[in-house]
Amino acid sequence: MSDTAALKIAYSPCPNDTFVFHAWAHGLVPGAPALDVTFADIDVTNGIAERGDGGFDVLKVSYAVLPWILDEYALLPCGGALGRGCGPLVLTRSAGADLSGATVAVPSERSTAYLLFRLWAAEAVPGGVGGIVVMPFDEIMPAVRDGRVDAGLVIHEARFTYRSYGLHKLADMGEHWEAATGHPIPLGAIVARRSLGADLLAHLAEAARTSVRTAWDDPAASAAYVAAHAQEMDPDVAAQHIALYVNEFTADLGDAGYAAVHALLTRAAAEGLVPPLAPGALDPA
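This one's a predicted model, so the numbers in the text were calculated from it and none came from an experiment.

## Considering the packing of helix α4 (residues 112-124) against helix α12 (residues 254-270)
Working note: a packed helix pair is described by the angle between its axes plus the distance between those axes.
Then step 1. Viewed as axis vectors pointing N to C, α4 and α12 meet at an angle of 55°, and their least axial separation amounts to 11 Å. Compared by their axis directions, α4 and α12 come out oblique. For α4 against α12, the interelement crossing comes out left-handed. Residues Thr-112, Leu-115, Leu-116, Leu-119 and Glu-123 of α4 touch α12, and the partners they reach there are Leu-264, Leu-265, Arg-267 and Ala-268.
Then step 2. Of the residues that constitute the contact of α4 with α12, the class distribution is six nonpolar, one polar and two charged.

## Points about the confidence of the model for the protein chain
If pLDDT is low for a region, its predicted coordinates should not be looked at in detail.
Then step 1. When pLDDT is averaged across the protein chain, the result is 93; 98% of the residues are at 70 or more.
Then step 2. Taking the mean pLDDT of every element in the protein chain, the minimum, 85, falls on helix α6 (residues 158-161) and the maximum, 98, on strand β6 (residues 89-92).

## Remarks on the packing of aromatic side chains
Then step 1. All chains considered together, the criterion is met by six aromatic pairs.
Then step 2. Considering the side-chain rings of Tyr-11 and Phe-39, the 5.5 Å spacing of their centres and the 90° angle between planes classify their relative orientation as edge-to-face. In this pair, Tyr-11 is assigned in strand β1 (residues 7-11) and Phe-39 in strand β2 (residues 35-39), connecting sequence segments 28 residues apart.
Then step 3. Given the relative accessible area of 0%, Tyr-11 is considered buried.

## Looking at α4
Then step 1. With 13 residues, α4 should reach 18 Å at 1.5 Å per residue; the first-to-last C-alpha distance of 18 Å fits that figure.
Then step 2. Of the residues making up α4, those classed as buried are Thr-112, Ala-113, Tyr-114, Leu-115, Leu-116, Phe-117, Leu-119, Trp-120 and Ala-121.

## Brief notes about the state of the cysteines
Then step 1. A complete count under the given rule lists zero disulfides for this structure.
Then step 2. For the unlinked cysteine Cys-14, the closest cysteine sulfur is that of Cys-86, found at 13 Å.
Then step 3. On the accessibility criterion, Cys-14 (4% relative accessible area) is buried.
Then step 4. The buried category is assigned to Cys-86, whose relative accessible area is 2%.

## Some points on the nonpolar core
Then step 1. Counting residues in hydrophobic clusters, the biggest one holds 58 residues, and the most contacted among them are Leu-59, Val-61, Leu-66, Phe-117 and Trp-120.
Then step 2. With eight residues, α4 is the largest single contributor of residues to this core.
Then step 3. Residues contacting Leu-59, with those up to four places away along its chain left out, are Ala-10, Thr-45, Ile-48, Ala-49, Tyr-73, Ala-189, Ile-190 and Val-191.
Then step 4. Phe-19, Phe-21, Leu-201 and Leu-204 belong to the second-largest nonpolar core, a separate cluster that totals 29 residues.

## Some remarks on the environment of Leu-82
Then step 1. In this fold, Leu-82 is placed in strand β5 (residues 81-83).
Then step 2. The class of Leu-82 is buried, set by a relative accessible area of 2%.
Then step 3. Look past the residues within four positions of Leu-82 in its chain and what remains in contact with it is Tyr-63, Pro-184, Ile-185, Pro-186, Leu-187, Asn-247, Phe-249, Leu-253, Gly-257, Ala-260 and Val-261.

## Things to note about the environment of Arg-118
Then step 1. By the element assignment, Arg-118 lies in helix α4.
Then step 2. With 150 residues separating them in the primary sequence, Arg-118 and Ala-268 have C-alpha atoms 9.1 Å apart.

## Digging into the environment of Leu-35
Then step 1. Looking at where Leu-35 falls in the secondary structure, it is placed in strand β2.
Then step 2. For the pair Leu-35 and Ala-25, spaced ten residues apart in the sequence, the C-alpha separation amounts to 5.6 Å.
Then step 3. Leu-35 has contacts with Ala-6, Leu-7, Ile-9, Trp-24 and Ala-25, leaving out every residue within four places of it along the chain.

What counts, and at which threshold
Each chain carries its own residue numbering, running from 1 in the direction its sequence is written. In keeping with the predicted nature of the model, local features appear solely for residues at pLDDT of at least 70, side-chain atom pairs appear and are counted solely at 80 or more, and the whole-chain, interface and lining totals rest on all residues. No hydrogens and no water enter the side-chain calculation; it runs on all heavy atoms of the structure. Axes, fitted as lines to C-alpha atoms, cover a helix only where it is in contact. Angles between the N-to-C directions of the axes lie from 0 to 180 degrees. A run of H or I in DSSP counts as a helix once it spans at least four residues, and a run of E counts as a strand once it spans at least two, with each numbered from the N terminus. Each angle receives one of four descriptions, namely roughly parallel if under 35 degrees, roughly antiparallel if over 145, roughly perpendicular if within 65 to 115, and oblique otherwise. What makes a crossing left-handed is the near helix being turned counterclockwise from the far one by less than a right angle; a clockwise turn instead makes it right-handed. In what follows, residue pairs with any heavy atoms lying within 4.5 Å of each other are defined as contacts. Asp, Glu, Lys and Arg are counted as charged, while Ala, Val, Leu, Ile, Met, Phe, Trp, Tyr, Cys and Pro are counted as nonpolar; the rest, among them Gly, fall into the polar class. Each residue carries a pLDDT score, the predictor's own confidence in it, on a scale running from 0 to 100. Here a pair means two rings of Phe, Tyr or Trp (six-membered ring of Trp) with centres within 6.5 Å. Their orientation is stacked below 30 degrees between planes, edge-to-face above 60, and tilted elsewhere. Partly exposed residues are those whose accessible area sits between 20% and 50% of the maximum for their type, while under 20% is buried and over 50% is exposed, using a 1.4 Å probe and protein chains only. A helix is expected to reach a length of 1.5 Å times the quantity of its residues less one. Working definition: a disulfide is two cysteine sulfur atoms within 2.5 Å of each other. Residues grouped as a nonpolar core are buried Ala, Val, Leu, Ile, Met, Phe, Trp, Tyr and Cys residues, joined through side-chain atoms within 4.5 Å.

Structure (structure tokens):
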């Protein structure tokens, strides 16, 4: 495939995404279509998918946005983030803070993190929070530390760094989800336009899977790409990030992965938080 026909893809600059897509983005996956890569925060890609704009063929989005986009996009069974012990955290300046009436910063109102937060808060904050502020995930901890918001819902490497901001973990959304359901935690999904056709969608899934396995086979090959886009992140934190979010579900969701996604979205639909899924909407592309 020529450069002019490259598929447009958007994913985050976070270490798990750059690790997963390094081989494919650099032409190291034999027979895979060339990629035209855009780096974008998850709130941006969720919005692109929901609006259907920007001409992107493949996107990294939150699982929580799927009920709004599955008419146009198909879920690919690999390349995303789903696992155990990797859930979003609620952080506050003081231990054991009460979130009743509090202002909470979140990375996206369509994020899986926020959906998990809403399921948790329905039980843990019966009085309800005071307000939600959406901001890029890397701005949330400074905002909590500086008192611009009362609490923050954080994702990614914040699990490893929040103590350096003097913050306290109030709750772990993943622990709550796993205790309540027994399922792993669905976080980020890879979707592609259904209009590409079933054959190409299957080819894209295999390209993503091969890119993941290539990264595992030679982690050093992607190190410079990961570091370049992780900005000022400590290399040890980046390595922990990759180890936590890139796992067997990244290579293939499998029955357990699909069951987790289905459980999240059907539970959320039952609570009126997302539209109900159509039958077969999550079927492999």
